[in-house]
Amino acid sequence: MLFKDAYLVGYKPWLKFLWKAHLTNWFWRDRLKRRLIRQNYFLEMKLSYLRKYVPYIQSLKAENKINYHENLDEEKMFTLWFQGIETAPHVVKQCVESIKEFYGERLVILDDSSVWDYISLPEYVIEKRNKKIMGPANFSDIVRLELLYKYGGYWFDATDFMMRPVPDIIKDSDFFMYVSSETLNPHMFVANCFIRAKKGDPLLKMWRDLVLEYWKNEHKNVDYFLVHYLLRLLVTYNPEAKALFEKMPKIQQDALHLLWFKYGDKPFESHYYDEIKNEIFIQKLSYRKLKFAKTEIQPGTTKDYIINKKLNEDK
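About the criteria used
Residue positions within a chain follow its written sequence, with the count starting from 1. Whole-chain, interface and lining totals are the exception, using all residues; otherwise, since this is a predicted model, local features are given only for residues with pLDDT of at least 70 and side-chain atom pairs are given and counted only at 80 or more. Processing note: side-chain calculations cover all non-hydrogen atoms of the structure and skip hydrogens and water entirely. Per the convention used, a helix needs a DSSP run of H or I reaching at least four residues, while a strand needs a run of E reaching at least two, with both numbered from the N terminus. To sort residues, take the accessible area from a 1.4 Å probe on protein chains only and compare it with the maximum for the residue type: under 20% means buried, over 50% means exposed, and anything in between is partly exposed. Residue contacts follow a heavy-atom distance rule, with two residues in contact if any of their heavy atoms lie within 4.5 Å. By this rule, a helix spans an expected 1.5 Å times one less than how many residues it contains. Grouping buried Ala, Val, Leu, Ile, Met, Phe, Trp, Tyr and Cys residues that are joined through side-chain atoms within 4.5 Å yields what is termed a nonpolar core. Aromatic rings from Phe, Tyr and Trp, with only the six-membered ring used for Trp, were paired whenever their centres fell within 6.5 Å, and each pair was classed as stacked if the ring planes differed by under 30 degrees, edge-to-face if by over 60, and tilted otherwise. The criterion for a charge sitting over a ring is simple: Lys NZ or Arg CZ within 6 Å of the ring centre, and within 35 degrees of the ring normal. A fitted line through C-alpha atoms represents every axis, and for helices the fit uses only the stretch in contact; the resulting angles, taken between N-to-C directions, go from 0 to 180 degrees. Just so you know how the angles are binned, under 35 degrees is roughly parallel, over 145 roughly antiparallel, 65 to 115 roughly perpendicular, and the rest oblique. In a left-handed crossing the near helix is turned counterclockwise from the far helix by less than a right angle, and in a right-handed crossing that turn is clockwise. Just so you know the grouping, Ala, Val, Leu, Ile, Met, Phe, Trp, Tyr, Cys and Pro go in nonpolar, Asp, Glu, Lys and Arg go in charged, and all remaining residues, Gly too, go in polar. By convention in these notes, a salt bridge is any Lys or Arg side-chain nitrogen within 4 Å of a carboxyl oxygen on Asp or Glu.

(A) Region of interest: the environment of Leu-212. Mapped onto the elements, Leu-212 comes out in helix H9 (residues 202-217). What makes Leu-212 buried here is its relative accessible area of 10%. Residues Leu-212 and Ile-142, spaced 70 residues apart in sequence, show a C-alpha to C-alpha distance of 7.8 Å. Setting aside residues up to four positions removed in sequence, Leu-212 forms contacts with Pro-122, Tyr-124, Val-125 and Ile-142.

Next comes the structure, spelled out in structure tokens:
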């Protein structure tokens, strides 16, 4: 992985990262501190490569007018499973059903074929995806930005589990994403597993244009969190984007991961489920943790309750 990064960002930034984040990141430091140091230098290594787009970022202009949807209660929810939802893991199907429970037909479930009924993309994006220069996650990042810019509404990852309706503070926002904290993946900056944006939102448009500009010029993916890094640079170097981002409610993403990653393998207890539900309306789950698990899910655990639809039995 380290040598791949040298190819992606160049050897000078890579050598600096290797020296600062590993060789002189003294082992007697606190484990968390050492991890944060590595993450910070890793982030700087990637940003040093992406800063060549700063002139383009500074040239972007925010459009003053948002094409507001006449009725916010009619805005669509979008999710995507490339192979078709009928082939998805059971946990993904349960996540989709949890959104349907609250929003029914407002949820649009897309696949590799139906996505083209809703959007069109530049030929260079399609070509780089077909040549596998762009991975599925990178392509999905572009799809969600294009969908929300064109239609407005909400993006849900297929592993988003909804516990209650979208809160008004998010519903009434022009643009919203959960933000990273200093302790949980600070290099990510934001979590794009859930995005709320009104149709034609100017910040979303600038972000979308920047992502497309990257893929227009590049023939490699600098990082899995590419779009996160580009948004960070956008709101750092473009004053209009910064002002729009500052208007967004800032809610940290930490609570997004509690149900599955902290309590998932523990016996289900309704009190912590209710506590999480009161704090945040949605949870980020994972099918990969199940795919590569060495043991089956144990009966009575939180994961068992979610996957086998037992949540209402003991509540």
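(B) Fine view of helix H7 (residues 136-151). With 16 residues, H7 extends 22 Å between its outermost C-alpha atoms, agreeing within 8% with the 22 Å of an ideal straight helix rising 1.5 Å per residue. For H7, the buried fraction is high: 12 of the 16 residues fall into the buried class. Of all the residues in H7, the buried ones are Asn-138, Phe-139, Ser-140, Asp-141, Ile-142, Val-143, Arg-144, Leu-145, Glu-146, Leu-147, Leu-148 and Tyr-149. Just beyond H7, the residue with positive phi is Gly-152, at close to 75°.

(C) Quick look at the nonpolar core. Counting 95 residues, the largest nonpolar core has Tyr-178, Trp-207 and Leu-234 as the members making the most contacts within it. Examining the composition of this core, we find that 9 residues originate from one element, H9, more than from any other.

(D) Local environment of the packing of aromatic side chains. Under the criterion given, the structure shown has 21 aromatic pairs. Site record: aromatic cluster; members linked through ring pairs are Tyr-154, Phe-156, Phe-176, Tyr-178, Phe-194 and Phe-281. Sitting above the plane of the Phe-139 ring, Arg-129 keeps its charged end 4.1 Å from the centroid. The cationic tip of Arg-196 hangs over the ring face of Tyr-154; the distance from NZ or CZ to the ring centre is 4.8 Å.

(E) A look at the packing of H9 against helix H11 (residues 239-247). Running from amino to carboxyl end, H9 crosses H11 at an angle of 130°, the nearest separation of the two axes being 9 Å. It follows from the interaxial angle that H9 and H11 lie oblique. Between H9 and H11 lies a crossing whose hand is left-handed. When H9 is examined against H11, the residues Pro-202, Leu-203 and Met-206 are found in contact with a partner set consisting of Glu-240, Ala-241, Leu-244 and Phe-245. For the contact of H9 with H11, the class distribution of residues is 6 nonpolar, no polar and 1 charged.

(F) Looking closely at the pattern of salt bridges. In the structure shown here, the tally under the stated rule is 15 salt bridges. As a salt-bridge pair, Glu-146 and Arg-208 come within 2.8 Å of each other at their nearest N and O atoms. One end of the pair, Glu-146, is in helix H7; the other, Arg-208, is in helix H9, with 62 residues separating them in the sequence. Among the salt bridges present, the one from Asp-209 reaches Lys-205, with a minimum N-O distance of 2.8 Å.

(G) Representation of the environment of Phe-82 within the structure. Tracing the chain through its elements places Phe-82 in the loop between strand S1 (77-80) and helix H5 (90-103). Taking the relative accessible area as the measure of exposure, Phe-82 reaches 18% and is therefore buried. Once residues within four sequence positions are removed from consideration, Phe-82 is found in contact with Asp-111, Asp-112, Arg-129, Pro-136, Phe-139 and Ser-140.

(H) Quick look at unusual backbone geometry. One non-glycine residue, Lys-132, adopts positive backbone phi at about 65°. Mapped onto the elements, Lys-132 comes out in the loop between helix H6 (123-130) and H7. Judged by its relative accessible area of 71%, Lys-132 falls in the exposed class.

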